[in-house]
Amino acid sequence: MRLLASLARLCAILGGSLLTAITLLTCASLIGRNTLGLTLAGDFELTGVASGAALALFLPWCQWQRGNIAVDFFTAKASIKTTLLLDRLGALLLAGVMALLAWRTGVGALNTLQSHSGTMLLDFPEWLVYASMVPPMALTALIALVQGFGGGAMRSEGQV
């Protein structure tokens, strides 16, 4: 469990670092464009690429913290046992969805690698973005699977 927590935390740190770098790139681009008349070609492409990768990198930590939205309107009056069962079922469903997304994203990475697909201005290889999303999605699936089988703190137990 400690390894999963450490990996999830590392992913979140990498995601935050990536967004910080993109924020600095955007600031430099705006300052250069508005003061010196210099532009950074493809800055919007890099922003899109990094944002997609960062989003995937935040998923494991979110699941580890049980930070996903839980609609408890129908279970507000249910017993703790029922709520725990539903939480575990939801974690197992999420594990399945994330495993499917990791698999298909991996297939997409291979397809874009074979087709040499790149962004329009910089010709940044798109397969790198897809490939960078696969490990955090797989980690999210693993965390959700462990939580679904009773590992880790459950939201209903008052622990995170």
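Above this note sits the structure.
Residues numbered from 1 in each chain as written. Predicted model: local features only at pLDDT ≥ 70, side-chain atom pairs only at ≥ 80, totals over all residues. Heavy atoms only, no water.

### Quick notes on the pattern of salt bridges
At step 1: Evaluated as defined, the whole model comprises one salt bridge.
At step 2: Between Asp-43 and Arg-33 there is a salt bridge, and its shortest N-O distance comes to 3.2 Å. Linking Asp-43 in helix α2 (residues 43-64) with Arg-33 in helix α1 (residues 2-36), this pair joins segments that are 10 residues apart in sequence.
At step 3: The exposure class of Asp-43 is buried, given its relative accessible area of 12%. (Salt bridge = Lys/Arg side-chain N within 4 Å of Asp/Glu carboxyl O. Helix = DSSP H or I, 4+ residues; strand = E, 2+ residues; numbered from the N terminus. Buried < 20%, exposed > 50% of the residue type's maximum accessible area, 1.4 Å probe, protein only.)

### Comments concerning unusual backbone geometry
At step 1: With a phi angle near 55°, His-116 is a residue other than glycine that sits in the positive phi range.
At step 2: Even without being glycine, Asp-123 reaches a positive phi, approximately 55°.
At step 3: The topology assignment puts Asp-123 in the loop between α3 (80-115) and α4 (126-148).

### Describing the packing of aromatic side chains
At step 1: For the structure on display, the rule yields zero aromatic pairs.
At step 2: The ring of Trp-103 is capped by Arg-104, whose NZ or CZ atom sits 4.8 Å from the centre of that ring. (Phe/Tyr/Trp six-rings, centres within 6.5 Å; stacked < 30°, edge-to-face > 60°. Lys NZ or Arg CZ within 6 Å of the ring centre and 35° of its normal.)

### Focus on α1
At step 1: For α1, which comprises 35 residues, the first-to-last C-alpha distance of 50 Å matches the rise-based estimate of 51 Å (1.5 Å per residue) to within 8%.
At step 2: Every buried residue of α1 is listed here: Leu-4, Ala-5, Ala-8, Cys-11, Ala-12, Gly-15, Ile-22, Ser-29 and Gly-32.
At step 3: Here the buried face of α1 lies against α2 and α4.
At step 4: Residue Gly-37 follows α1 closely and has a positive phi angle near 75°. (Expected span 1.5 Å × (residues − 1). Contact = heavy atoms within 4.5 Å.)

### Let's talk about the side chain of Thr-112
At step 1: By the element assignment, Thr-112 lies in helix α3.
At step 2: Here Thr-112 is in contact with Ser-117, Glu-126, Trp-127 and Tyr-130, once residues within four sequence places are set aside.

### Quick word on the state of the cysteines
At step 1: As enumerated under the stated definition, the model contains zero disulfides in all.
At step 2: No disulfide involves Cys-11; its nearest neighbouring cysteine sulfur is the one of Cys-62, lying 13 Å away. (Disulfide = S-S within 2.5 Å.)

### Topic: the packing of α1 against α2
At step 1: As a packed pair, α1 and α2 sit with axes 8 Å apart at the nearest point and diverge in direction by 155°. Accordingly, the angle class assigned to the pair α1 and α2 is roughly antiparallel. The two elements α1 and α2 meet at a crossing, and its hand is left-handed. (Axes fitted to C-alpha atoms, helices over the stretch in contact; angles between N-to-C directions. Parallel < 35°, antiparallel > 145°, perpendicular 65-115°, else oblique. Left-handed = near helix turned anticlockwise from the far one by under 90°.)

### Observations regarding the packing of α3 against α4
At step 1: Where α3 contacts α4, the two axes come as close as 7 Å, and the packing angle between them is 160°. Looking at the two axes, α3 sits roughly antiparallel to α4. Crossing hand, α3 versus α4: left-handed.
At step 2: Broken down by class, the residue content of the contact of α3 with α4 amounts to 20 nonpolar, seven polar and two charged. (Nonpolar A, V, L, I, M, F, W, Y, C, P; charged D, E, K, R; others polar.)

Functional significance is not addressed by these values, which are geometric in nature.
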